[in-house]
Amino acid sequence: MYLEEYFYASGIRSDIFYIDISVEAPVYCAPLNSKVQFTDYYPSELHDFNQRCRELMKEIKEKAAG
């Protein structure tokens, strides 16, 4: 909440995306690979989570393809 309040008070329009890294889902692949970021802070936990999400998405695509 602090970041959202700071951005609002500063007049910065933003949409902060919260990620629960305990549950992998393909929907997270897009924001995790987005080039739009306010900071270069990207902890190794998010890199690992991104990889797990991509692997899950690959499995789903393979099952859908038959």
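These figures come from a predicted structure and were not determined experimentally. (Residues numbered from 1 in each chain as written. Predicted model: local features only at pLDDT ≥ 70, side-chain atom pairs only at ≥ 80, totals over all residues. Heavy atoms only, no water.)

1. A word on the overall build of the protein chain
Here comes step 1: Helices and strands together make up the secondary structure of the protein chain, namely three helices and zero strands.
Here comes step 2: Each helix and strand of the protein chain, placed in order from N terminus to C terminus, yields the pattern α-α-α.
Here comes step 3: Every one of the 66 residues in the protein chain was classed for burial, and the buried ones make up 17%.
Here comes step 4: The contacts in the protein chain between residues at least 6 apart in sequence include a share of 53% that link residues at least 24 apart. (Helix = DSSP H or I, 4+ residues; strand = E, 2+ residues; numbered from the N terminus. Buried < 20%, exposed > 50% of the residue type's maximum accessible area, 1.4 Å probe, protein only. Contact = heavy atoms within 4.5 Å.)

2. Let's talk about helix α3 (residues 44-65)
Here comes step 1: If you check α3, its first and last C-alpha atoms are 32 Å apart, about what 22 residues at 1.5 Å a residue would give, namely 32 Å.
Here comes step 2: Those residues of α3 lying buried are Leu46, Phe49, Asn50 and Cys53. Along the axis of α3, the buried residues cluster in a sector spanning 105°; they form a single face. Projecting away from the buried face of α3 at angles above 90 degrees are the exposed residues Lys58, Lys63 and Ala65.
Here comes step 3: At the C-terminal side of α3, Gly66 shows a positive phi close to 90°. (Expected span 1.5 Å × (residues − 1). Arc of directions from axis to C-beta.)

3. Remarks on the confidence of the model for the protein chain
Here comes step 1: Averaged over every residue, the pLDDT of the protein chain is 80; the share at 70 or more is 83%.
Here comes step 2: Here helix α2 (residues 29-32) is the element of the protein chain with the lowest mean pLDDT, 79, and α3 is the one with the highest, 90. (pLDDT = per-residue confidence, 0-100.)

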